[in-house]
Amino acid sequence: MERIYGFQLMLVVCWGIFVGFTWCQDNADAVSAVYIVTLRQAPASHYYGDELRVNTEDFDHGASGGTTRLDTPRSISRRDGHNSSYIARVHDSLLRKVLRGESYLKLYSYHYLINGFAVLVSSQQAEKLSRRREVANVVLDYSVRTATTHTPQFLGLPQGAWAREGGYESAGDGIVIGFIDTGIDPTHPSFSDGLTKSPYPVPEHFSGICEVTKDFPSGSCNRKLIGARHFAASAITRGIFNASQDYASPFDGDGHGTHTASIAGGNHGIPVVVAGHHFGNASGMAPRSHIAVYKALYKSFGGFAADVVAAIDQAAQDGVDIISLSITPNRRPPGIATFFNPIDMALLSAVKAGIFVVQAAGNTGPSAKSMSSFSPWIFTVGAASHDRIYSNSIVLGNNLTISGVGLAPGTPMDTKYTLVSVIHALNDTAAVNDMYVGECQDASNLNQDLIFLQYYNSSLERDESTKKVVKFGAVASISGGLKANYSHSAPKIMYYSARGPDPEDSFLDDADILKPNLVAPGNFIWAAWSSLGTDSVEFMGEDFAMMSGTSMAAPHVAGLAALIKQKFPSFSPSAIGSALSTTASLYDKNAGPIMAQRAYTNPDVNQSPATPFDMGNGFVNSTASLDPGLIFDLSYDDYMSFLCGINGSAPVVLNYTGQSCGVSTISGIDLNLPSITIAKLNQSRVVQRTVTNIAENETYSIGWSAPYGVSLKVSPTSFSIAKGDRMVLTVSVNATMNSTVASYGRIGLFGHLGHVVNIPLSVIVKISYNTTNSQGAAD
């Protein structure tokens, strides 16, 4: 959507109809601005909520008079198209009546999400419009940040990664991201291929197809959405799939899949309008990338591993470059099956084929060992906040104000309404345990405020004999809720984001892998929503939804990985993961340490500096990841050696891969990961890492901080490395005291050309046989 700012019009003639806009001007001195006018009459979605939404707006075009792909018959129902033109005529009629003979420029007619229009008028004309009884609201248009709507800006994409690689118009060009999720709404403008002037060819390496069904008709796919299939055989066999509850097609009846796909690869500059309010313009991390959808989860029951594996298999065959999974197993398989489960093994094969695999960490935090994605070949992403929040407050009848968080307009004209407790409203003292009372979110916050309850209780009038409330005297109003605040300290690790160490094993066997790998924005994320999505009641019938979870964090990284893959086509999956990991940020926007929430209740009170088990290598840095300097690489054979090193795994490896385990095996400590995790440090351990220089010739110096109870030495302490060369780093780790408390350190490689490589070090159990002598060595 083009952003138009106030400016002074100098035209003095009446143009009539000019390139599709209604334009009249007879006052050269009028200063005009763009206003959004909302009408009281309900929009089309209220009348046709059972139909597929196909077009957000009437797009007016330039002098060519052409139409976008979204306006073609394949993308619009007859009823909706008729309704759209009808509402547009109503808007034109209203403007002619109110501004008879005056100048104005109608930019858009909104008909589906809101019934209204955008118009360029003077402030006096806006006042005239606001006085009409059929007009609900007149709002001055305002400058918004481009881009889930704010996270690309928070990540520095417009001025950083996008700008360095040719702008958002080419970000992710030629890269195919495959989504294993609940499907997609192909009618959403975030997935249109008609919003760009440059050619949009389908990558030659992709061979996927689009299923055609009644719910997903011919033409649903295009050069942006280039593949779509659904997998439900296991669900059907179990008798669980219900065609009346979901769609036997790639269409997204839930909303989750549409949301995640748009975060990673949705088009740039799509207006986010919800309930008639504009929340900025949305963009995926790689807006020029291609999307392929493999639906294997369903809104009423979730999904099954057999269907998920089939989806992964098909995605690999089709030639996707990246697989994004915002799904996790319901529980961790026990023992060696932790790694040898069908989904993780299928993903290992995908990695062998050169596909970068991203998975959500899970929403089971903040307890330790809560990780739901655990294999080293999978890039696991946790959830962090970004700096945009929506704040509101409740103003009590005694003029006291209590701040809160919300996304809703305030009460009109600051009108105060009667306050009634849910328990009192149900008129039953036993209602404390009623399921509806549980719907009150964070009600304990109000209970802890003596201010609020004192005012409420003191305003109650009770019958003297029965003691029942007969009058509710407390009143309050709500203010704010729609205006974003960007001064919030961020990022911070959300309480629900799953934590390491990994995997959950009381003996800490095979727990020498850092999880999560990284954190990314996952809280309060605006992104596309399926027109028939039902996952969130608050956003039913809307085109966009605000969601939170590691499900939202993973596609951020999938999209950023597409940018890396575009710049470095020959990068292996582990090299992409390394570029993301070693460049991650350790500090929030205020230059302080990234904090991690530690409790579900009052999370901002219960927080402390994040550890590697909270955030992995840190918070993703989109710009730095495109220029990592050094990378840590791994091959499929390395992962096989790790699997063969697990006690008793040989027959399982043979069963899954058809390969026999050789003599050479390694532990998780020895995998060439951009991190070092030692679950059991028995006196001492020597760890090696190999780095490869992908930049120009550079000289690096090495510094480190040791975990508590551990001494550390890295050699060499400095080195020069030519482009394409490798260097082996040797890390000597010694326990200086006995401890079962995890502690953390860090190794930093600092290049003279500005590259900084970050390697976190975590030690869980430390065993030292000579604690007295070694204690002094640590000083």
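Presented here is an overview of the structure given in this document. Note that this is a predicted model, so its numbers are computed, not measured. Note on numbering: residues in each chain are counted from 1, in written sequence order. In keeping with the model being predicted, local features are shown solely for residues with a pLDDT of at least 70 and side-chain atom pairs are shown and tallied solely at 80 or more, while totals for entire chains, interfaces and linings include all residues. Values reported for side chains reflect all heavy atoms of the structure, with hydrogen atoms and water molecules removed beforehand.

Description of the state of the cysteines
And step 1. When the sulfur atoms of two cysteines come within 2.5 Å, that pair is taken as a disulfide. Summed over all chains, the structure comprises two disulfides.
And step 2. Paired by a disulfide, Cys210 and Cys221 hold their sulfur atoms 1.5 Å apart. Between Cys210 and Cys221, the disulfide has an S-S torsion of -50 degrees and is therefore left-handed. One end of the pair, Cys210, is in the loop between strand E9 (176-181) and strand E10 (225-230); the other, Cys221, is in the loop between E9 and E10, with 11 residues separating them in the sequence.
And step 3. Summary of the burial criterion: residues with accessible area below 20% of their type's maximum are buried, those above 50% are exposed, and those between are partly exposed, where the area comes from a 1.4 Å probe applied to protein chains only. With relative accessibility at 17%, the residue Cys221 sits in the buried group. Numbered from the N terminus, helices here are DSSP runs of H or I no shorter than four residues, and strands are runs of E no shorter than two.

So, the nonpolar core
And step 1. Remark: nonpolar core denotes a set of buried residues (Ala, Val, Leu, Ile, Met, Phe, Trp, Tyr, Cys) joined through side-chain atoms within 4.5 Å. Of all hydrophobic cores here, the largest spans 81 residues; its most connected members are Ile322, Trp526, Leu563 and Leu580.
And step 2. Per-element accounting of this core gives the leading share, 10 residues, to helix H13 (residues 550-567).
And step 3. Note on definitions: a residue-residue contact is assigned when non-hydrogen atoms from the two residues lie within 4.5 Å. Contact partners of Leu563, with chain neighbours within four places excluded, come to Leu157, Ala161, Trp162, Ala171, Gly172, Met285, Ala286 and Leu626.
And step 4. Core analysis: the second largest hydrophobic core is formed by 42 residues, Ala292, Ile378, Leu634 and Leu643 among them.

A look at the side chain of Thr611
And step 1. Examined against the element boundaries, Thr611 turns out to sit in the loop between strand E30 (607-609) and helix H15 (612-615).
And step 2. A relative accessible area of 16% places Thr611 in the buried class.

Describing the packing of aromatic side chains
And step 1. The criterion for an aromatic pair is that two Phe, Tyr or Trp rings (for Trp, the six-membered ring) have centres within 6.5 Å, with stacked assigned to planes under 30 degrees apart, edge-to-face to planes over 60 apart and tilted to the rest. Going through the model one piece at a time under the given rule, you end up with 15 aromatic pairs.
And step 2. Summarising the aromatic geometry, the rings of Phe279 and Tyr390 are spaced 5.9 Å apart at their centres and angled 85 degrees between planes, so their arrangement reads as edge-to-face. In this pair, Phe279 sits in strand E12 (residues 277-282) while Tyr390 sits in strand E19 (residues 389-396), placing the two residues 111 residues apart along the sequence. Tyr390 matches Phe279 in its accessibility class, with the two residues each being buried.
And step 3. Put simply, the rings of Phe241, Tyr298, Phe301 and Phe304 pair up and form one aromatic cluster.

So, the environment of Asn672
And step 1. Inspection of the secondary structure puts Asn672 in the loop between helix H17 (650-657) and strand E32 (676-682).
And step 2. Residue Asn672 is classed as buried on the basis of its relative accessible area, which comes to 13%.
And step 3. For Asn672 and Ile631, which are 41 residues apart along the polypeptide, the C-alpha to C-alpha distance reads 9.9 Å.
And step 4. Excluding residues that lie within four positions of it along the chain, Asn672 makes contacts with Phe632, Asp633, Leu634, Arg689 and Thr690.
And step 5. Side-chain polar atoms of Asn672 contact the backbone oxygen of Asp633, separated by 3.1 Å. Polar contact criterion, stated in full: a pair of N or O atoms within 3.5 Å, where within protein one must be able to donate a hydrogen and the other to accept it, and residues adjacent in sequence count only if both atoms are side-chain atoms.

Shape is all these values report; function is a separate question.
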